[in-house]
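# Coordinate analysis (summary)
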Amino acid sequence: MKKSLFLAICTLSAIAHAEPPDWSGYYMLARGRDLAGLNVVNPDLNNTVKEHLQPWAKLKMEATNGIADDTGAVCMPSGILRAPGTPFSGNYLFLPQPDKIIMAFWEANTSRVRRIYLNRQHPKDLLPTWNGDSVGRWEGDTLVVDTIGFNDKSWLSADMTPHTEETHLSERMRQIQQNGNTYIELIGVVEDRHALTSAYNYTRYYKKQTVEIPEHICADEIEMWKQWRNDELKLQYQRAREVK
Amino acid sequence: MIKLHSNHVSSRAKAPSIYLSSGLLFFLAAPFIWTTCAYAQQTPNIAGVYRSIANNVTLPGDLKNSGSPNEIPLLPSVSAQMKTADADAVHKSDPWRSCQPVGQFRMMARDGIVVEIVPVKGMLVMLYEDVAHGLMRTIYLNRGHIDGPVAAPDPNIEASKGTWFGDQVAKWEGEGDKATLVIDSTGFNTRTWLNDADAPHSDALHLVERIRPIRVGKDQYLEYKMAAEDPATLAKPYTYTRYFEKLDTEIAENICYDEQ
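Here the structure is a predicted model, which is why all the values come from computation and not from measurement.

Our next topic: the overall build of chain A. Regarding its fold elements, chain A presents four helices and nine strands. Starting at the N terminus, the α and β elements of chain A follow one another as α-β-α-α-β-β-β-β-β-β-β-β-α. Relative to its 244 residues, chain A shows a buried fraction of 37%.

For the rest of this paragraph, the subject is the overall build of chain B. When you go through chain B residue by residue, the secondary structure sums to five helices and eleven strands. Looking at the 260 residues of chain B, the share that counts as buried comes to 27%. Long-range contacts, defined here as pairs at least 24 residues apart, represent 61% of the contacts in chain B between residues at least 6 apart.

Right, let's get into the confidence of the model for chain A. Per-residue confidence for chain A gives a mean pLDDT of 86, with 85% of residues at or over 70. Within chain A, helix H1 (residues 2-17) of chain A has the poorest average pLDDT of any element, 55, and strand E6 (residues 142-148) of chain A the best, 98.

Looking now at the sheet that holds E6 of chain A. All names here are of chain A. Strand order in this closed barrel of nine strands is E1-E2-E3-E4-E5-E6-E7-E8-E9, and the pairing throughout is mixed. With direction set aside, neighbouring strand axes in the sheet form an average angle of 30 degrees. Summarising the sheet, strand E8 (residues 181-191) and strand E9 (residues 200-208) pair through eight bridges and their orientation is antiparallel. Looking at E9, one finds that Gly188 is bridged to Tyr202.

It is worth spelling out the environment of Glu175 of chain B at this point. All names here are of chain B. Position of Glu175 among the secondary structure elements: in the loop between strand E7 (167-173) and strand E8 (180-186). For Glu175, a count of 10 C-beta atoms within 10 Å translates into the label exposed. Residues Glu175 and Ala80, spaced 95 residues apart in sequence, show a C-alpha to C-alpha distance of 45 Å.

Moving on, we get to the nonpolar core. Core analysis: the biggest nonpolar cluster contains 72 residues, and Tyr92, Leu93, Ala104 and Tyr206 of chain A together with Val125, Met126 and Leu127 of chain B have the highest contact counts within it. The leading source of residues in this core is strand E5 (residues 123-128) of chain B, at six residues.

Note on strand geometry: in a regular strand, side chains alternate between the two faces of the sheet. Residue and element names in this part refer to chain A. With respect to burial, strand E2 (residues 92-96) is a largely interior element, five of its five residues being buried. Side chains Tyr92, Phe94 and Pro96 of E2 all project onto a buried face; the interleaved residues Leu93 and Leu95 project onto the opposite face, where all are buried too. Where strand E1 (residues 25-29) meets E2, three bridges bridge the pair, whose relative direction is antiparallel. Its bridge partner being in E2, Tyr27 is matched across the sheet by Tyr92. Relative to strand E3 (residues 100-105), E2 is paired through five bridges, and the arrangement is antiparallel. By the bridge assignment for E3, Pro96 is matched with Ile101.

Residue and element names in this part refer to chain A. Its location among the elements puts Arg174 in strand E7 (residues 168-178). Arg174 sits in the partly exposed class, given 17 other C-beta atoms within 10 Å. Sequence separation between Arg174 and Pro21 is 153 residues; the distance between their C-alpha atoms is 9.9 Å. When sequence neighbours within four positions are dropped, the list of residues in contact with Arg174 reads Asp141, Thr142 and Glu185.

Here we come to unusual backbone geometry. All names here are of chain B. Even without a glycine there, the phi angle at Leu135 is positive, about 55 degrees. With respect to the element layout, Leu135 can be found in the loop between helix H5 (131-134) and strand E6 (136-140). Leu135 gets classed as buried once you count the C-beta atoms within 10 Å, which come to 28. In this model, Asp198 sits at a positive phi of 70 degrees, which is unusual for a non-glycine residue. Structurally, the position occupied by Asp198 is in the loop between E8 and strand E9 (206-216).

Moving on to the pairing of strand E5 (residues 133-139) of chain A. All names here are of chain A. In terms of strand pairing, strand E4 (residues 113-117) meets E5 through two bridges, oriented parallel. Within E5, the position partnered with Ile116 by the bridge is Ser134. Sheet topology places E5 next to E6; seven bridges connect them, and they run antiparallel. Bridge assignment links Gly136 to a residue of E6, and that residue is Val145. Hairpin connection between E5 and E6: a loop of two residues separates the two successive antiparallel strands, and Gly140 in this loop has a positive phi of roughly 65 degrees.

Residue and element names in this part refer to chain B. For chain B, per-residue confidence averages 83 on the pLDDT scale, and residues scoring 70 or more make up 77% of the total. Across chain B, the element-wise mean pLDDT spans from 51 in helix H1 (residues 2-41) up to 98 in strand E11 (residues 238-247). Under the prediction, the complex receives an ipTM of 0.84, its pTM being 0.83.

All names here are of chain B. Mapped onto the elements, Arg210 comes out in strand E9. For Arg210, a count of 16 C-beta atoms within 10 Å translates into the label partly exposed. The spacing of Arg210 and Tyr224 is 14 residues in sequence and 5.8 Å in space, taken between C-alpha atoms. Not counting residues up to four positions away in its chain, the partners in contact with Arg210 are Thr180, Val182 and Lys225.

Reading the values: rules and limits
Residues numbered from 1 in each chain as written. Chains lettered and ligands numbered in written order. Predicted model: local features only at pLDDT ≥ 70, side-chain atom pairs only at ≥ 80, totals over all residues. Helix = DSSP H or I, 4+ residues; strand = E, 2+ residues; numbered from the N terminus. Buried ≥ 20, exposed ≤ 12 C-beta atoms within 10 Å, placed from the backbone. Contact = placed C-beta atoms within 7 Å. pLDDT = per-residue confidence, 0-100. Pairing = 2+ DSSP bridges. Axes fitted to C-alpha atoms, helices over the stretch in contact; angles between N-to-C directions. Core = buried A, V, L, I, M, F, W, Y, C linked by C-beta atoms within 7 Å.

Set out below in structure tokens:
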């Protein structure tokens, strides 16, 4: 009798407490057949970003070496801004907690861990970081996220498209059911008054997996990437000497 | 008679307001009741950010760190092999220097490491502030160890016999103050070292971590015991103990710069 009463009180309190929806799980960027009936907006992030670059940013992009200057290729952070443009760097564990949402990316060395705080605003004196400062709130069943405080070391897309510390990322995430699968729909808008002529947007779908997240160790491939980067840096040095 | 009637009417009129205020109180208290229920029905809540205390700190109750990966009892043949190695080359090949994961046995023993414990349905994730060296650990509460090769991280990569962090499963033992989370890890590759002096391990390495939430005064701590056994490299199983204090801070971005 006592146990039944305890369970009844607990059940009622759980209903009254209205916990946010449990989206926990491992999600991968949906591709191919998994996208049937879903509207991916601006699927080619490289082109989308390039169309919005200011002239100086376009020049910087053209002067940037895709191999030598790619921090992510040598296991350094690459930031979250380019994640919607590449198939693997956007895969994540979605880990909701009462005070924050944690997105732990499969490529932990490069995309790293993102924490979206639900219990505070952006700090006033924000030090620029690779993934910026994310705060969020629930609007019904949609998670609305605002991110500022990026450093200018990362790229907006794989084509080494630059941005500044003024970058502002607005996202809306909601869980949907389609094709018998569960997805997180992510609508992103990127603004940067110094690097972009106007804001660009994209929509991506991340499919909830039935398998466990595998281990990803950037170091498994780092020697190969370092060799490629060193070869490119040598070429750049040779070219500079020839010009001189 | 009239007075009685009057009282009777008054108590009936009060009834709805009592129900209303009780209901309101219940809704206000719901998060706390829910938390209590979750605690009572399930297991201790160890979610949060923790930092390991320094080896020279003693907590009330004479609680202090003990043991170290540098004191592991290696087999004589393994020690002899390490002595003949080129010390300089060994130092240069330390995964720590090149921002590679160092494995949980070495990582959890370090002074002042910050780790966030994140429980979700069926699993527990450990996220280190020092992402490069600690990376993230996924510990499963809903299954035993996987038999056979561990799933490959990518369809283009062959299935691996072992991984850097092994196959990690856990269960709660005991109840209340005695409740202890026991993490059992097997299925390692041989890429990590057991300590700062390049002590190797084999793919038979077996780690058992026992984590128990404790209160020291008003503060919350974790008592953490790590036990290692590896018949191919260790003369006998070895255990070290660390204490982790719960922090009320956010995890900051931490970047490792390759020294190579």
